[in-house]
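Structure at a glance
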Amino acid sequence: MKVLSKKAGFWARLKQPIYALAPMEDVTDAAFRLVIARRGKPDVAFAEFASADGLCSERGRPNLMKLLYFDEIERPVVAQIFGEKPDNMYKAARICKEVGFDGVDINMGCPVKKVVRTGCGSALINTPELAREIIQAVQAGADPLPVSVKTRIGYNEIVLEEWLGHLLEVEPVAVTLHLRTRREMSKVDAHWEVMPAAVKQAENTSTLIIGNGDIRDLDHADQLIAETGMDGAMLGRAIYGNAWLFNRELRPEHITVHDRLELLEEHSLLYENVFGGRKNFAIMRKHLLAHTTGFFGCRELRQRLETVRCAADVLDAIAWFTAEFDHIHQFSSHKKTGALTASGNRAGD
Ligand SMILES: Cc1cc2nc3c(=O)[nH]c(=O)nc-3n(C[C@H](O)[C@H](O)[C@H](O)COP(=O)(O)O)c2cc1C
């Protein structure tokens, strides 16, 4: 276990190993993160990435501020910014601090063309001096908040040792390694074989090394932590369709139909509440479909959810489903007794 200084902020207070929720644009937004936090809180959650240039422009800022929403129960929660201009990164870090985040993360891993074309995201792996300058600018802007980096293990080829060496020199509190190169996008398996060397390289530093890529669940994370010695694990896509991912008490097979319907309703209402028209409801559909799996009648319900345009449509779909499938799931009798068991799932809840 790494002992961190006070400078490390909330990171120093976390129990290690650390289990983190990955930033994912249009997936782990403020509404979804709140839904997750209520069901099984990660040790730390990362908000979707926000452009520093956008946050620094009078015109861009109002639209981007929705990326910086969070709820108190999520804490500790970290904002993530990207950019290639140290000045703007400094200012954007200050904005994140003023908004009340617990930390600021720098995206140095995004592989998307429109981001790397401007020298941001994973393109910074090719300009390590600039990357270091950016980290220092964000450290100054975020001060006293801790600053971390999320990156990949190379651009075209794996250059992890050299790249990590550059990062460690400026002492970010944590480095999350998505164990693929930029060229690999998400097309190959994550290179977990390189992780032990990275952990060793950072051994005598005060930087936490967090691994990321293809982790299925907490058991899988535990196995990788044991194998690599890393200080924490970050999970991303495993959250699709499993808002209980970080809940060790509740196994997926024990999640009831009622739990899932409640999730659909809560998530839809929250989304509308939080974003109030600032984000298209169509973005919610992929979540709704992912939440709706593994029970009798889910196919029919999914068909209805494919075209919903607002939370009221989702409530209508749920009402239709509970009426149509009451003979199977017996929602009405459960409601009366308060015993929310459906299809023989979790009894005595
Ligand atoms: C839809 C989507 C959006 C993403 N958005 C971000 C982002 O905003 N910032 C970031 O650092 N990584 C982003 N990522 C990468 C993830 O954080 C993570 O590194 C990647 O999905 C691998 O981890 P996983 O296999 O656990 O999903 C995104 C990934 C996906 C699939």
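Keep in mind it's a predicted model, so treat the numbers as computed, not measured.

**Quick word on the overall build of the protein**
- Secondary structure assignment for the protein yields 16 helices and 8 strands.
- In terms of C-alpha radius of gyration, the protein reaches 21 Å, essentially the compact-globule figure of 20 Å for 349 residues.
- Each principal axis of the C-alpha atoms in the protein carries an extent, and together these give about 65 × 50 × 35 Å.
- Of all 349 residues assigned to the protein, the portion counted as buried reaches 45%.
- The long-range fraction of contacts in the protein, counting pairs at least 24 apart against all pairs at least 6 apart in sequence, stands at 70%.

**Topic: helix H5 (residues 86–99)**
- Between the first and last C-alpha of H5 there are 20 Å, a value that for 14 residues agrees with the 20 Å anticipated at 1.5 Å per step.
- For H5, the full list of buried residues reads Asn88, Met89, Tyr90, Ala92, Ala93, Ile95 and Cys96.
- In this structure, the buried side of H5 is in contact with helix H3 (52–56), strand S3 (77–82), strand S4 (103–108) and helix H7 (128–142).
- One or two residues past the end of H5 sits Gly100, with phi positive at roughly 115 degrees.

**Let's talk about the sheet that holds S4**
- Spatial strand order, S1-S2-S3-S4-S5-S6-S7-S8: 8 strands in a closed barrel with parallel pairing. With direction set aside, neighbouring strand axes in the sheet form an average angle of 25 degrees.
- The sheet contact formed by S3 and S4 spans 4 bridges and is parallel. Across the sheet, the residue bridging to Ala79 is Val104, located in S4.
- H5 contacts S3 and S4 of the sheet and is inclined by roughly 160 degrees relative to S3.
- On the sheet, helix H10 (residues 218–228) packs against strand S1 (18–21), strand S7 (208–212) and strand S8 (232–235) and is oriented at approximately 145 degrees with respect to S8.

**Focus on the site of the ligand**
- Contacts to the ligand come from 21 residues, most closely from Ala22, Met24, Phe49, Gly236 and Arg237.
- In terms of residue class, the shell around the ligand is made up of 9 nonpolar, 7 polar and 5 charged.

**Quick notes on the domain arrangement of the protein**
- By domain assignment, the protein separates into domain 1 (11–239) and domain 2 (252–337).
- Taking the mean C-alpha position of each, domain 1 and domain 2 sit 32 Å from one another.
- Every contact between the two is made by 8 residues of domain 1 and, on the other side, 11 residues of domain 2.
- Along the lines of polarity and charge, the residues of the side of domain 1 that touches domain 2 split into 6 nonpolar, no polar and 2 charged.

**Quick word on the pairing of S8**
- The alternating pattern of S8 places Gly232 and Met234 on one face and Ala233 and Leu235 on the opposite face, and all of these are buried.
- Bridge count between S1 and S8: 4 bridges; the pairing is parallel. If you follow Ala20 over to S8, its bridge partner there is Met234.
- As for the winding sense of the linkage, the β-α-β connection from S7 through H10 to S8 is right-handed.

**A few points about the pairing of S3**
- For S3, the tally of buried residues reaches 6 of 6 residues, placing the bulk of the element in the interior.
- Because side chains alternate across S3, one face comprises the buried residues Val77, Ala79 and Ile81, and the other comprises Val78, Gln80 and Phe82, equally buried.
- Sheet topology note: the strand S2 (residues 44–51)/S3 ladder contains 5 bridges and is parallel. Residue pairing for S3: Ser51 is matched across the bridge by Phe82.
- Between S3 and its parallel partner S4, the chain crosses via H5, and the hand of that crossover is right-handed.

**Quick word on the environment of Gln201**
- The residue Gln201 is located in helix H9 (residues 195–201) in this model.
- C-alpha separation for the pair Gln201 and Lys7, spaced 194 residues apart in sequence, amounts to 21 Å.
- With residues up to four places along the chain from it excluded, the contact list for Gln201 reads Glu161 and Leu164.

**Re the nonpolar core**
- With 102 residues, the main nonpolar core has Ile81, Cys96, Val104, Val138 and Ala233 as its most contacted residues.
- Once residues within four sequence positions are removed from consideration, Val138 is found in contact with Met89, Tyr90, Ala93, Val104, Ile106 and Val147.

**Details of helix H11 (residues 257–275)**
- The terminal C-alpha atoms of H11 lie 27 Å apart, and with 19 residues this matches the ideal 27 Å at 1.5 Å per residue to within 8%.
- What H11 keeps buried is the set Val257, His258, Arg260, Leu261, Leu263, Leu264, His267, Ser268 and Tyr271.
- Directly beyond the C-terminal end of H11, a positive phi value near 30 degrees is found at Gly276.

**Thoughts on the confidence of the model for the protein**
- Here the protein averages 93 in pLDDT, and 95% of its residues register 70 or above.
- Contacts from residues 336–349, a stretch scored under 50 in pLDDT, to residues over four places away or in other chains number 25 contacts.

**As for the packing of H11 against helix H14 (residues 311–324)**
- The geometry of H11 relative to H14 is characterised by a closest axis approach of 9 Å and an angle of 165 degrees between their N-to-C directions. In terms of axis orientation, H11 runs roughly antiparallel to H14. For the element pair H11 and H14, the recorded crossing hand is left-handed. Contacts from Leu261, Leu264, Glu265, Ser268, Leu269 and Glu272 in H11 reach Ala311, Val314, Leu315 and Ile318 in H14.

Rules and cut-offs
- Residues numbered from 1 in each chain as written.
- Predicted model: local features only at pLDDT ≥ 70, side-chain atom pairs only at ≥ 80, totals over all residues.
- Helix = DSSP H or I, 4+ residues; strand = E, 2+ residues; numbered from the N terminus.
- Rg over C-alpha atoms; globule rule 2.2 N^0.38 Å.
- Buried ≥ 20, exposed ≤ 12 C-beta atoms within 10 Å, placed from the backbone.
- Contact = placed C-beta atoms within 7 Å.
- Expected span 1.5 Å × (residues − 1).
- Pairing = 2+ DSSP bridges.
- Axes fitted to C-alpha atoms, helices over the stretch in contact; angles between N-to-C directions.
- Near = placed C-beta within 6 Å.
- Nonpolar A, V, L, I, M, F, W, Y, C, P; charged D, E, K, R; others polar.
- Domains from an automatic or database assignment.
- Right-handed = clockwise from strand over helix to strand, strands pointing away.
- Core = buried A, V, L, I, M, F, W, Y, C linked by C-beta atoms within 7 Å.
- pLDDT = per-residue confidence, 0-100.
- Parallel < 35°, antiparallel > 145°, perpendicular 65-115°, else oblique.
- Left-handed = near helix turned anticlockwise from the far one by under 90°.

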